[in-house]
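Here are the chains, one letter per residue:
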Amino acid sequence: MERQPDDQAAIPEASAVPDAAVSVGDLEALARERLEERTWNYVAGGAADEISLGWNDAAWRELRLAPRVLVDVSRIDTSVTLLRRDLPHPILVAPTAAHSQYHPEREPATLRGAAAAEALAVMSTLGSTPVAELGIAAGGPWWFQLYVQSDRDFTAALVESAVSAGAEALVLTVDTPLLGARDRDRRTGGHTVDGMQPPALAGAPPSVVVPPDPRPHQRAYNPHLDPSLTWETLEWLVDLSPIPVLPKGVSRPDDARRCVDSGAGGLIVSNHGARNLDTVVPTAQALPGVAHAVDGAIPVIVDGGIRRGTDVAKALILGADAVLVGRPAVWGLTVAGADGVQWVIETLWTELAMAMGLLGAATIDDLSADLIWRD
Ligand SMILES: Cc1cc2nc3c(=O)[nH]c(=O)nc-3n(C[C@H](O)[C@H](O)[C@H](O)COP(=O)(O)O)c2cc1C
């Protein structure tokens, strides 16, 4: 997020997704070719030794499917209803910071691509686009990801601007009271204090961490994060907000239950793409316990390492109502702007429908727990 619109000149003009690209992983390789090395590392990297980064991906892949045969799958319906919104599929765009790094059209391109693929998009507080402009650009439903600021009046005004811009829910990031160990960024020279000016936070009084962490990335991010966030803050936000609030970054069943009790409209099982606390549990392993604790009271969404339609199917089998994709949307935006985002979501959507057909699940409700092999 350190590179704001000034850097746009450095970005080569985006082209179409090449015909040779088949899977989301193919776009990762293409995005890598287009991005400056340090920006690539910022996107790809995880915290510290990147143990959880590997786990996030591997945990989905290691789950073995147990398909049901001789089921009529001549009509496959991937549609879901999320917070009273009917969506044709359960694949959402995760909030990621500063899209000016990837494409000159920034978040508006992401929103257009998501809308073209009929995907709900979540926009970050740390985006490169003013909140009012998000509302104008959005061609479909979108949610706003909130980093609560230590100045609560500022936070309330930010919520109000997101609501007036048309955000249909607030995604409250709860896994980042402080920035994690961005060792890869430090090694590759990316993302220090320069240019750290997300428009949504213009004029926000910085928060104070005691003792201050002198490392450059912590100095850049920590003033925009509130380390004093608690359950009371969640309840305050739920009271204040006219739209549902979904804590993002939950791993534990007891925390999930507390989200329900605090009035959350839903929750997101996430470890921030393994960018904060290394060796944290991968989301595929955290999901079943959370889904069990929530027991259908509110929607459960999951992200982290979703790269294939089979990963989406597994998430739904394990109790999620929808998934978010972070890095894949960034790869799409980098490679071909709005068209690239649309391509990523549509590819996952097509793969999901195919996986459902091959699993003997004609509807999302048919994705039952027995479709995962147990020894
Ligand atoms: C480059 C990048 C920037 C991100 N910025 C934010 C952010 O501003 N706010 C937030 O809540 N999560 C942020 N995340 C986390 C994503 O919302 C999401 O949890 C994560 O990317 C999901 O994992 P995946 O990338 O493996 O799909 C970011 C992730 C990446 C990769």
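Look above for the structure.
This write-up is about the structure you can find in this document. Since this is a predicted model, take the numbers as computed values, not measurements.

**With respect to the overall build of the protein chain**
Assigned secondary structure in the protein chain consists of 13 helices and ten strands. Computed over C-alpha atoms, the radius of gyration of the protein chain comes to 19 Å, within 12% of the 21 Å expected from 2.2 N^0.38 for 375 residues, which places it in the range of a compact globule. Its C-alpha atoms give the protein chain principal-axis dimensions of about 60 × 50 × 40 Å. Looking at the protein chain as a whole, 53% of its 375 residues are labelled buried.

**Regarding the site of the ligand**
Near the ligand there are 23 residues, and of these A94, S124, G273, G326 and R327 occur at the shortest range. Classifying every residue of the shell around the ligand gives eight nonpolar, eleven polar and four charged.

**Focus: the environment of A44**
Along the chain, A44 turns up in helix α2 (residues 37–44). With 18 C-beta atoms packed within 10 Å, A44 lands in the partly exposed category.

**Observations regarding the nonpolar core**
Ranked by internal contacts, the top residues of the largest apolar core, which has 107 residues, are L92, V93, L170, A320 and V323. In terms of residues, this core owes the most to one element, helix α13 (residues 327–359), which gives 17 residues. When sequence neighbours within four positions are dropped, the list of residues in contact with V93 reads T110, A114, A119, A121, V122, L324, V325, A329 and V341.

**Quick notes on the environment of D365**
Within the fold, D365 resides in the segment after α13. Under the C-beta neighbour-count criterion, D365 is labelled exposed, with 10 such atoms within 10 Å. As for D365 and T173, which are separated by 192 residues in sequence, their C-alpha atoms are 28 Å apart.

**Section: helix α6 (residues 152–165)**
Think of an α-helix as 3.6 residues a turn; residues three or four steps apart then line up on the same face. In this model α6 runs 20 Å from its N-terminal to its C-terminal C-alpha over 14 residues, within 8% of the 20 Å that 1.5 Å per residue would give. By the burial criterion, the buried members of α6 are T155, L158, V159 and A162. In an axial view of α6, the angular spread of the buried residues amounts to 100 degrees, which keeps them on one side of the axis. More than 90 degrees from the buried face of α6, the exposed residues found are D153 and S164.

**Some thoughts on unusual backbone geometry**
Backbone geometry places R84, a non-glycine residue, at a positive phi of 70 degrees. Counting through the fold element by element, R84 comes out in the loop between β1 (80–82) and β2 (85–87). A count of 7 C-beta atoms within 10 Å places R84 in the exposed class. A positive phi angle, near 50 degrees, is found at R106, a position not held by glycine. Turning to its location among the elements, R106 is positioned in helix α4 (residues 106–116). Note on R106: 24 C-beta atoms within 10 Å, which makes it buried.

**Considerations on the packing of helix α12 (residues 309–317) against α13**
With their axes 7 Å apart at the nearest point, α12 and α13 run at an angle of 65 degrees to one another. In the packing of α12 onto α13, the handedness of the crossing is right-handed. Residues G309, T310, V312 and A313 of α12 touch α13, and the partners they reach there are L348, E351, L352, M354, A355, M356 and L359. Tallied by class, the residues present in the contact of α12 with α13 amount to eight nonpolar, two polar and one charged.

**A few points about the pairing of strand β7 (residues 245–250)**
Counting buried positions along β7 gives six out of six residues, so the element sits mostly inside the fold. In terms of strand pairing, strand β6 (residues 170–173) meets β7 through four bridges, oriented parallel. By the bridge assignment, L172 is partnered in β7 with P247. Examined bridge by bridge, β7 and strand β8 (residues 267–269) share two bridges and lie parallel to one another. Along β8, the bridge assignment pairs V250 with V269. With respect to chirality, the unit in which β7 leads through helix α10 (residues 253–261) into the neighbouring parallel β8 is right-handed.

**Digging into the pairing of strand β5 (residues 142–146)**
Among the five residues in β5, five count as buried, and that is most of the element. Residues W142, F144 and L146 point to one face of β5 and W143 and Q145 to the other, with burial holding for every one of them. Two strands pair when backbone bridges link them, and strand β4 (residues 121–123) and β5 are joined in this way by three bridges, in the parallel orientation. The residue bridging M123 from the neighbouring strand is F144, located in β5. With helix α5 (residues 131–137) bridging β4 and the parallel β5, this β-α-β connection has right-handed handedness. Strand direction decides the pairing type here: β5 and β6, joined by three bridges, are parallel. When the sheet's bridge partners are listed, L146 is paired in β6 with L172. Each parallel crossover has a hand, and the one from β5 via α6 to β6 is right-handed.

Definitions and limits used
Residues numbered from 1 in each chain as written. Predicted model: local features only at pLDDT ≥ 70, side-chain atom pairs only at ≥ 80, totals over all residues. Helix = DSSP H or I, 4+ residues; strand = E, 2+ residues; numbered from the N terminus. Rg over C-alpha atoms; globule rule 2.2 N^0.38 Å. Buried ≥ 20, exposed ≤ 12 C-beta atoms within 10 Å, placed from the backbone. Near = placed C-beta within 6 Å. Nonpolar A, V, L, I, M, F, W, Y, C, P; charged D, E, K, R; others polar. Core = buried A, V, L, I, M, F, W, Y, C linked by C-beta atoms within 7 Å. Contact = placed C-beta atoms within 7 Å. Expected span 1.5 Å × (residues − 1). Arc of directions from axis to C-beta. Axes fitted to C-alpha atoms, helices over the stretch in contact; angles between N-to-C directions. Left-handed = near helix turned anticlockwise from the far one by under 90°. Pairing = 2+ DSSP bridges. Right-handed = clockwise from strand over helix to strand, strands pointing away.

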